[in-house]
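This is what each chain is made of:
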Amino acid sequence: MDEPDLTDAKVYEVSDKPTLGGGRWYVLPDDTTFFRPFDGDVRAALVTASTLRSMLTWREVAS
(Lines give C-alpha, C1' and ligand atoms only; values in the text may rest on other atoms or scores of the structure.)
Protein backbone atom coordinates (compact mmCIF):
# COMPACT_ATOMS: atom_id res chain seq x y z
CA MET A 1 0.00 0.00 0.00
CA ASP A 2 1.29 3.45 -0.88
CA GLU A 3 1.57 5.81 2.04
CA PRO A 4 -1.35 8.28 2.09
CA ASP A 5 -0.81 12.03 1.81
CA LEU A 6 -1.22 13.23 5.39
CA THR A 7 -0.46 16.89 4.63
CA ASP A 8 -3.92 18.21 5.61
CA ALA A 9 -4.63 15.63 8.31
CA LYS A 10 -5.54 16.47 11.89
CA VAL A 11 -3.20 14.62 14.25
CA TYR A 12 -4.31 12.92 17.48
CA GLU A 13 -2.51 11.06 20.25
CA VAL A 14 -3.49 9.47 23.54
CA SER A 15 -4.20 12.38 25.85
CA ASP A 16 -2.80 11.30 29.19
CA LYS A 17 0.30 9.34 28.18
CA PRO A 18 1.16 9.73 24.48
CA THR A 19 3.97 7.17 24.58
CA LEU A 20 1.58 4.47 25.85
CA GLY A 21 -0.61 4.94 22.80
CA GLY A 22 2.27 3.82 20.67
CA GLY A 23 1.80 6.31 17.88
CA ARG A 24 -0.40 8.93 16.28
CA TRP A 25 -3.74 8.87 14.53
CA TYR A 26 -4.42 11.00 11.45
CA VAL A 27 -7.82 12.19 10.23
CA LEU A 28 -8.00 13.35 6.61
CA PRO A 29 -10.54 15.96 5.47
CA ASP A 30 -12.80 13.15 4.15
CA ASP A 31 -12.78 11.52 7.66
CA THR A 32 -10.54 8.65 6.59
CA THR A 33 -8.34 7.67 9.54
CA PHE A 34 -4.81 6.28 9.65
CA PHE A 35 -2.49 5.18 12.43
CA ARG A 36 1.30 5.40 12.50
CA PRO A 37 3.00 3.52 15.34
CA PHE A 38 6.14 5.26 16.59
CA ASP A 39 8.23 2.44 15.16
CA GLY A 40 6.31 1.56 12.00
CA ASP A 41 4.50 2.46 8.83
CA VAL A 42 1.16 4.18 8.34
CA ARG A 43 -1.84 1.86 8.17
CA ALA A 44 -5.61 2.21 8.13
CA ALA A 45 -6.90 2.96 11.63
CA LEU A 46 -9.64 1.04 13.40
CA VAL A 47 -10.67 4.14 15.36
CA THR A 48 -13.17 6.36 13.53
CA ALA A 49 -12.76 10.10 12.99
CA SER A 50 -15.80 10.87 15.18
CA THR A 51 -14.32 8.84 18.05
CA LEU A 52 -10.99 10.64 17.83
CA ARG A 53 -12.75 14.01 17.87
CA SER A 54 -15.24 13.34 20.64
CA MET A 55 -13.62 11.15 23.29
CA LEU A 56 -11.27 12.49 25.94
CA THR A 57 -8.98 9.50 25.35
CA TRP A 58 -7.44 11.36 22.41
CA ARG A 59 -6.37 14.96 21.95
CA GLU A 60 -5.53 16.87 18.82
CA VAL A 61 -1.88 17.86 18.60
CA ALA A 62 0.20 19.89 16.19
CA SER A 63 1.65 17.72 13.43
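Here, the structure is the one placed above.
Owing to the predicted nature of the structure, the values given are computational and were not obtained by experimental measurement.

**Student:** Quick one: what's the story with the pattern of salt bridges, residue by residue and with numbers?
**Tutor:** A complete count under the given rule lists 5 salt bridges for this structure. Of the charged contacts in the structure, one is a salt bridge between Lys 10 and Glu 60, with a shortest N-O distance of 3.8 Å. Taken together, the positions of Lys 10 in strand β1 (residues 10-14) and Glu 60 in strand β5 (residues 58-61) put the pair 50 residues apart, joining distant regions of the chain.

**Student:** So what's going on with the sheet that holds strand β3 (residues 33-37)? Which residues, and what values?
**Tutor:** Pairing in this open sheet of 5 strands is antiparallel, and the strands run β4-β3-β2-β1-β5 from one edge to the other. Strands with a single pairing partner mark the edges of an open sheet, and in this sheet they are β4 (43-44) and β5. Where β1 and β5 come together, 4 bridges link them in antiparallel fashion. Looking at β5, one finds that Val 11 is bridged to Val 61.

Analysis parameters
Residues numbered from 1 in each chain as written. Predicted model: local features only at pLDDT ≥ 70, side-chain atom pairs only at ≥ 80, totals over all residues. Heavy atoms only, no water. Salt bridge = Lys/Arg side-chain N within 4 Å of Asp/Glu carboxyl O. Helix = DSSP H or I, 4+ residues; strand = E, 2+ residues; numbered from the N terminus. Pairing = 2+ DSSP bridges.

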